[in-house]
Amino acid sequence: MIRLCYAFAHSLRGGAVVIGLTALLVVTGCPATKRHTLVAEVPKSGDATARSRFLEARSAFLRDGSQADAFDQLREDFPNDPIAPWVGLYQGIALVKKGDYTGAEQALAELPKSELPAAMLTRVKLYRGVAKARGGDNKGALALLRPQAGAMQGLTSGGNAQAEREFSEARAEYWAAM
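Because the structure is a prediction, the values reported are computed rather than measured.

> Got a minute to help me understand the overall build of the chain in this structure?
Within the chain, the secondary structure is distributed over 8 helices and 0 strands. Counting helices and strands in the order they occur from the N terminus, the chain gives α-α-α-α-α-α-α-α. Classification of the 178 residues of the chain by burial places 39% in the buried group. Taking all contacts inside the chain whose residues are at least 6 apart in sequence as the whole, residues at least 24 apart take part in 58%. Summed over its atoms, the accessible surface of the chain is roughly 10,500 Å², and 59% of this surface lies on carbon and sulfur atoms.

Here you go:
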């Protein structure tokens with residue numbers, strides 16, 4: 001009986017050591033991964049009114065697809081504000097949803113590419129490709145959509161519903177252009 005108790009206690013100690021080492025390995029051995037997203041953070045600098053109006057318009061747009069006129073007005077009212085590229089992106093997306101593919105492509109092409117965060121640049125190219133595809137320029141659309149399909153695949157691995165939806169749309173547009 002004593003041997004049985006000793007063996008049991010010894011196995012518990014061994015199990016606790018194994019569990020402790022496993023927990024330590026999990027905590028310290030996992031690489032820190034940076035979550036990628038398709039939505040760049042809206043700048044906090046600039047005019048507070050411009051930022052709040054943009055956030056309201058974007059929220060309404062994401063909810064029901066309206067607000068294309070609000071983005072036009074924001075772009076006119078705050079052309080040099082740090083929020084202007086975000087306004088231009090959503091203006092382009094709204095024009096695509098509205099069916100104005102030429103206007104969408106033009107609005108997105110005017111954005112200053114060198115100043116945009118990578119996630120935002122991905123979305124600009126995606127929607128420019130969508131506008132070109134729906135406007136009948138399949139060759140131009142493929143040039144924009146092909147690289148974005150791979151980039152978006154990597155960006156959607158985080159459970160981001162918006163990223164998943166946009167990747168699905170990009171994939172559909174890519175195959176339609178093909």
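Alright, that's what it looks like, and here's the rest.
> Just checking my understanding: could you explain the packing of helix 2 (residues 48-64) against helix 3 (residues 68-77) for this structure?
Any two packed helices are characterised by the angle at which their axes cross and by the distance between the axes. Orientation of helix 2 relative to helix 3, taken along the N-to-C sense of each, is 160°, at an axis distance of 10 Å. Taken together, the axis directions place helix 2 and helix 3 in an arrangement best described as roughly antiparallel. In the crossing of helix 2 with helix 3, the sense of the turn from one axis to the other is left-handed. Of the residues in helix 3, those in contact with Ala50, Arg53, Phe54, Ala57, Arg58 and Phe61 of helix 2 are Ala70, Phe71, Gln73, Leu74 and Asp77. The residue makeup of the contact of helix 2 with helix 3, split by class, is 7 nonpolar, 1 polar and 3 charged.

> Hey, could you run me through helix 4 (residues 84-98) in this one?
Helical periodicity: at 3.6 residues per turn, an α-helix aligns residues three or four positions apart in one direction. An ideal rise of 1.5 Å per residue puts 21 Å on 15 residues; helix 4 measures up with 20 Å between its terminal C-alpha atoms. The element helix 4 is extensively covered by neighbouring structure, given that 13 of its 15 residues are classed as buried. Looking one or two residues past helix 4, Gly99 carries a phi angle of roughly 100°, positive in sign.

> Where do I start with the pattern of salt bridges in this structure?
When charged atoms on two side chains of opposite charge get close, those side chains can pair. Applying the stated criterion across every chain, the model contains 5 salt bridges. Among the ionic pairs, Arg75 bridges to Glu110, the shortest N-O distance being 3.5 Å. One end of the pair, Arg75, is in helix 3; the other, Glu110, is in the loop between helix 5 (101-109) and helix 6 (118-134), and 35 residues separate them in sequence. Look at Glu110 and you get partly exposed, because its relative accessible area is 47%. The shortest N-O distance in the salt bridge between Arg128 and Glu105 comes to 2.6 Å. Of this pair, Arg128 sits in helix 6 while Glu105 sits in helix 5; the two residues are 23 residues apart in sequence, bridging distant segments of the chain. The exposure classification of Arg128 matches that of Glu105, with both residues buried. One network of salt bridges, in which partners are shared, links Glu105, Arg128, Lys132 and Asp137.

> Help me understand the packing of helix 4 against helix 6 in this model?
Relative orientation of the contacting elements helix 4 and helix 6 amounts to 25°, with a least axis distance of 10 Å. On the basis of the axis angle, helix 4 is roughly parallel to helix 6. Relative to helix 6, the crossing made by helix 4 is left-handed. Where helix 4 abuts helix 6, its residues Pro85, Trp86, Leu89, Tyr90, Ile93 and Val96 lie against Met120, Arg123, Val124, Tyr127, Val130, Ala131 and Arg134. Of the residues in the contact of helix 4 with helix 6, the class split is 11 nonpolar, no polar and 2 charged.

> I would appreciate a short explanation of the nonpolar core in the present structure.
Proteins that are soluble and globular tend to have nonpolar side chains buried together. In terms of nonpolar packing, the biggest core is built from 33 residues, with Phe54, Phe71, Leu74, Ile83, Leu89 and Tyr90 touching the most fellow members. When residues of this core are traced back to their parent elements, those giving at least two are helix 2, helix 3, helix 4, helix 5, helix 6 and helix 7 (138-155). Leave out the neighbours within four places in its chain, and Phe71 touches Phe54, Ala57, Arg58, Phe61, Val87, Tyr90, Gln91 and Ala94.

> When you look at the environment of Val87 in this model, what are you seeing that I'm missing?
With respect to the helices, strands and loops of the structure, Val87 is situated in helix 4. Residues Val87 and Phe71, 16 residues apart in the sequence, show an inter-C-alpha distance of 5.9 Å. Among residues more than four places away in sequence, those in contact with Val87 are Phe54, Phe71, Leu74 and Arg75.

The rules we used
- Counting restarts for each chain: residues are numbered from 1 in the order of the written sequence.
- In keeping with the model being predicted, local features are shown solely for residues with a pLDDT of at least 70 and side-chain atom pairs are shown and tallied solely at 80 or more, while totals for entire chains, interfaces and linings include all residues.
- Excluded from the side-chain calculation are hydrogens and water; included are all heavy atoms of the structure.
- The helix count covers DSSP runs of H or I at least four residues long, the strand count covers runs of E at least two residues long, and both are numbered beginning at the N terminus.
- When accessible area is computed with a 1.4 Å probe and restricted to protein chains, residues below 20% of their type maximum are described as buried, those above 50% as exposed, and intermediate ones as partly exposed.
- Throughout, a residue-residue contact means that at least one pair of heavy atoms, one from each residue, lies within 4.5 Å.
- Working definition of accessibility: Shrake-Rupley area with a 1.4 Å probe, residue cover restricted to the visible protein chains.
- Angles run from 0 to 180 degrees between N-to-C directions of axes, and those axes are lines fitted to C-alpha atoms, restricted for helices to the stretch in contact.
- Reported orientations rely on four angle classes, namely roughly parallel under 35 degrees, roughly antiparallel over 145, roughly perpendicular from 65 to 115, and oblique for the rest.
- Note on convention: near helix rotated counterclockwise from far helix by under a right angle means a left-handed crossing. Clockwise means right-handed.
- When residue character is reported, Ala, Val, Leu, Ile, Met, Phe, Trp, Tyr, Cys and Pro are called nonpolar, Asp, Glu, Lys and Arg charged, and the others, Gly included, polar.
- The span you would expect from a helix comes to 1.5 Å times its residue count less one.
- Salt bridge, as used here: a side-chain nitrogen of Lys or Arg that lies within 4 Å of a carboxyl oxygen of Asp or Glu.
- Residues belong to a common nonpolar core when they are buried Ala, Val, Leu, Ile, Met, Phe, Trp, Tyr or Cys residues joined through side-chain atoms within 4.5 Å.

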